[in-house]
Number of protein chains: 2
Amino acid sequence: MTQAPDVTLSRAPSHPLIESNRVEGTRVFDRDAKQIGTIHHLVIEKVTGRVVYAVMSFGGFLGLGAHLYTVPWEKLHFDPGLGGYHTDITEGELEEAPQLPHDADRQREEELRRYWNLPSYWA
Amino acid sequence: MTQAPDVTLSRAPSHPLIESNRVEGTRVFDRDAKQIGTIHHLVIEKVTGRVVYAVMSFGGFLGLGAHLYTVPWEKLHFDPGLGGYHTDITEGELEEAPQLPHDADRQREEELRRYWNLPSYWA
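The notes below deal with the structure included here.

**Things to note about the pattern of salt bridges**
Residue and element names in this part refer to chain A.
Alright, step 1. For the coordinates displayed, the defined rule picks out 10 salt bridges over all chains.
Alright, step 2. Its salt-bridge partner being Arg106, residue Glu45 comes within 3.4 Å of it at the nearest N-O pair. With Glu45 in strand β3 (residues 35-45) and Arg106 in helix α3 (residues 106-115), the pair connects residues that are 61 residues apart, well separated along the chain.
Alright, step 3. On the basis of relative accessible area, Glu45 is assigned to the buried category, the value being 7%.
Alright, step 4. With a relative accessible area of 25%, Arg106 lands in the partly exposed category.
Alright, step 5. Its salt-bridge partner being Arg106, residue Glu109 comes within 3.0 Å of it at the nearest N-O pair. Remark: Arg106 and Glu109 occur in helix α3; sequence separation between them is three residues, near one turn of the helix.
Alright, step 6. A residue is classified by how much of its surface remains accessible, and Glu109, at 0% relative accessible area, is buried.
Alright, step 7. Taken together, the shared-partner salt bridges in this structure form one network comprising Glu45, Arg50, Arg106 and Glu109.

Listed below in structure tokens is the structure:
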């Protein structure tokens, strides 16, 4: 599932765009640049086209025994040097975090965002 | 490939979020609310997490003989009533439009955006 990092031998910046069907498998690194998981898929606000959550796969090996967690997009920061996203989220925080069902309403989203100390992104 | 439209029998608004791996197949309608194609995948700016292009499948039947076109996201507008996106793009415009290769640089993007009378979205 893990994609090859987006590297080039030239000094040209990495390509700034990525196809949604290639995001799956993009790696996520912790503060120590250790890989802690991969992005499973993104959650997009239909009307605005903003990515608002990443559903991340943590733990397990090659997808076996992995758990999926919905994380606010703001907690991930793309690092072209790493070829992936880094985050300051810890495993402990993640285990306690509320989850977001497929048909979550705004109230469930608010609970999730409060947990992560983030305001709601909608008007 | 076409997803069921996101409809409910209640008056509750459709769910505002969609998973990136479910966007594939979302229908696109023209000014007359006639289905003209489906979304094949999205193109996302890695750093900001903004959807900047939709790669649309036009023509063909069930994906056979269909052509893929990269369209600026601004040309699509989500319509909860239709359960898909509507656009004022015509087939003729699309046939003449420049395409965007996988490794497109900003210059190629500018050509594409000029064609569609849109400014560049990056700083």
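From this point on, the discussion continues.
**Comments concerning the relation of the copies chain A and chain B**
Alright, step 1. With an RMSD of 0.0 Å, the operation that places chain A on chain B is a rotation of 180° combined with a shift of 0.0 Å along the axis. Here the two chains are linked by the operation of a two-fold rotation axis. Within chain A, A:Arg50 has its C-alpha nearest the rotation axis, a separation of 2.5 Å.
Alright, step 2. The fraction of interface residues of chain A whose copies in chain B are also interface residues reaches 100%, indicating that both copies meet through the same surface.

**Notes on unusual backbone geometry**
Residue and element names in this part refer to chain B.
Alright, step 1. Backbone geometry places Ala33, a non-glycine residue, at a positive phi of 60°.
Alright, step 2. When you line up the elements, Ala33 lands in the loop between β2 (27-29) and β3 (35-45).
Alright, step 3. Even without being glycine, Asn117 reaches a positive phi, approximately 55°.
Alright, step 4. The residue Asn117 is located in the segment after α3 (106-115) in this model.

**Section: the pairing of strand β4 (residues 51-58) of chain B**
Residues and elements named next belong to chain B.
Alright, step 1. Extensive coverage of β4 is indicated by the burial of eight of its eight residues.
Alright, step 2. Bridge analysis of β3 against β4 gives seven bridges, and the strand direction is antiparallel. Residue pairing for β4: Ile44 is matched across the bridge by Val51.
Alright, step 3. Joining the antiparallel neighbours β3 and β4 is a turn of five residues, in which Gly49 adopts a positive phi near 75°.
Alright, step 4. Strand direction decides the pairing type here: β4 and strand β5 (residues 67-72), joined by six bridges, are antiparallel. Residue Tyr53 lies in a different strand from β5, and its bridge partner there is Pro72.

What counts as what
- Residues numbered from 1 in each chain as written.
- Chains lettered and ligands numbered in written order.
- Predicted model: local features only at pLDDT ≥ 70, side-chain atom pairs only at ≥ 80, totals over all residues.
- Heavy atoms only, no water.
- Salt bridge = Lys/Arg side-chain N within 4 Å of Asp/Glu carboxyl O.
- Helix = DSSP H or I, 4+ residues; strand = E, 2+ residues; numbered from the N terminus.
- Buried < 20%, exposed > 50% of the residue type's maximum accessible area, 1.4 Å probe, protein only.
- Least-squares fit on C-alpha atoms with pLDDT ≥ 70 in both.
- Contact = heavy atoms within 4.5 Å.
- Pairing = 2+ DSSP bridges.

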